[in-house]
Amino acid sequence: MPRPVRVRFAPSPTGFLHVGSGHSALANWLVARQTGGEFLLRIEDTDAERNRPELVDNVLEMLQWLGLQWDGTPVHQSERGDLYADAAAKLVAGGAVYFCDCTAEDVQARNKAAGGKPGYDGFCRDRGLEPGPGRAARFRTPREGRTGWTDLVRGEVSFANADLEDFVVLRGNGSPVFLLANSFDDADMGITHVIRGEDHVNSTPKYLLLVDALGLTRPEAFAHMPLLVNEGRKKLSKRRDDVSMADYRDRGYLPEAMVNYLALLGWGPADGVEVRPVAEIVEQYRLEDVNASPAFFDQKKLSFVNAEKIRALSSEEFQARARPFLTLGEPAAAALASLATEVQERVRTLTEVEPMVEFLVVDEPEVDEASWTKAITKGKAVPEMLDATIARLDALGPDEWAPEPIQEAVAAAAIDAGLVNAEGGPQLSKAQGPVRVAISGRTVGPPLWESLTVLGRERTLARLRGTRGRLG
Ligand code: GLU
């Protein structure tokens, strides 16, 4: 796709931006940036009842968060009603449509009686009805031939015209259907490549017939992106699956991780390096290489990509990105600064940051029950281990309060408590559990020696003694 393309993302703001639309938006943005083309935005807000302004705001905010900046001013379909009315009038004048007063029940009853296929049966085609209230305008689809297009994802696609019903173009109340607005706008906006979700494949032949009937120019090509599915291979649903883009942001995902991950749905770079800077994806992305079959939106893989992107940040950048997620404010930021590298290596999302440093901020860390059960209740020789650790750490002088001496002291305490392996060495991982829960209330956290160093001698000993006391 060497020449500059002109593409558009056309969200219907009837809900928050979901990952499936984000996937289509990204494909549009990638090819626009790759070819030095234009990425336009068209808000398909003609459904006055379901559209809400805050949903439009959400779409724009999410695109900006992802870094998918559009060109020019977004076009709002709600402001273009006159253009669609003109287009419709042209179809009426040219005889491309006819008027129809059948109710859905009429059509159903006739189809049932004929034992035929569902859809409109062409009953009013030659009745010559005049326009009037309650009369819909239906497109007179050709009875012969095929309507097809080049689909960059699906190859050459075509439908037999005989299989296309005479679809409604103007509703009984005179309002144009989405398909008319959509096909008119793409031509009017000079869109060269229509890139959108696969749910639009079946309506594309109708779209093309409309473009032709209006005497407009067809887009050069289409690309219908694969459907995103969940673990059960079911289409992602708002109700069942985590699909809101804003939720991912709020749960501590980085926009560059989301962009990288979405790009990998249905596509992969030739060299197999999946996690890489967005600039490289812009260069390498090929719609022609996108696989048409449904793509699994894999939360685990997304979280893996996110962890990689977090590790790729500089320490300063990591801390700055984590800052909005620190509910405990400045003290938490200071605590994070003291263990930034250790934390950065261990978190998968930015929401995991604060729990890792909270023990440095609060007077009394909250005890996580599952951690307590695992390391204290079910731990081996826990009272002995805590007694020995207290004694060994108490024996360290203030200038010995550093990761290495602390590690040696805990190792010696493990041996004192009988936590030894076959070679007589300390069982360090077993030994660490109760100590970690005593100082932080949790079994997961930054490396223990560094944690104790930063927590300080007095607080460490006080927490160990407190926990020991609770065991009686
Ligand atoms: N508004 C449509 C949707 O949200 C997109 C239509 C198109 O891209 O052509 O599914």
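Keep in mind that this is a model prediction, so the values were computed, not measured.

**Describing the site of the ligand**
No. 1: Around the ligand, the neighbouring residues are R8, A10, S12, E44, F178, N182, R196 and H200.
No. 2: Taking R8, its side chain carries an N or O atom lying 2.6 Å from an oxygen atom of the ligand.
No. 3: Between the ligand and the protein, one listed contact pairs a nitrogen atom with a side-chain N or O atom of S12 at 2.7 Å.
No. 4: Coverage of the ligand by the protein chains reaches 80% of its 300 Å² of free accessible surface.
No. 5: In terms of residue class, the shell around the ligand is made up of 2 nonpolar, 3 polar and 3 charged.

**Looking at the sheet that holds strand 8 (residues 168–170)**
No. 1: Strand order in the open sheet formed by 3 strands is 4-5-8, and the pairing between neighbours is antiparallel. Edge strands, defined here as strands with exactly one partner in the open sheet, are strand 4 (97–100) and strand 8. For this sheet, the mean angle separating the axes of adjacent strands, direction not counted, is 45 degrees.

**Considerations on the nonpolar core**
What tends to happen in soluble globular proteins is that the nonpolar side chains get buried as a cluster.
No. 1: V19, M258, L287 and F297 are the most contacted members of the largest nonpolar core, which has 102 residues in total.
No. 2: Ranked by the residues each element gives to this core, the list is headed by helix 1 (residues 19–35), at 8 residues.
No. 3: Ignoring any residue separated from it by four or fewer positions in sequence, one finds M258 in contact with V19, W65, L66, M245, Y248, F297 and L302.
No. 4: Listed in part, the 39 residues of the second largest apolar core include C102, C124, V157 and L209.

**A word on the sheet that holds strand 2 (residues 38–43)**
No. 1: Strand order across the open sheet formed by 3 strands is 1-2-3, with parallel pairing between neighbours. Edge strands, defined here as strands with exactly one partner in the open sheet, are strand 1 (6–9) and strand 3 (75–76).
No. 2: Looking at chain direction, strand 2 and strand 3 are connected through 2 bridges and run parallel. Counterpart to I43 in the pairing with strand 3 is H76.
No. 3: Along the sheet, helix 2 (residues 53–66) makes contact with strand 1, strand 2 and strand 3, crossing strand 2 at roughly 160 degrees.

Rules used in this analysis
Residues numbered from 1 in each chain as written. Predicted model: local features only at pLDDT ≥ 70, side-chain atom pairs only at ≥ 80, totals over all residues. Heavy atoms only, no water. Near = heavy atom within 4 Å. Polar contact = N/O pair within 3.5 Å; in protein donor to acceptor, adjacent residues only side chain to side chain. Areas by Shrake-Rupley, 256 points an atom, 1.4 Å probe, with all protein chains shown as cover. Nonpolar A, V, L, I, M, F, W, Y, C, P; charged D, E, K, R; others polar. Pairing = 2+ DSSP bridges. Helix = DSSP H or I, 4+ residues; strand = E, 2+ residues; numbered from the N terminus. Axes fitted to C-alpha atoms, helices over the stretch in contact; angles between N-to-C directions. Core = buried A, V, L, I, M, F, W, Y, C linked by side-chain atoms within 4.5 Å. Buried < 20%, exposed > 50% of the residue type's maximum accessible area, 1.4 Å probe, protein only. Contact = heavy atoms within 4.5 Å.

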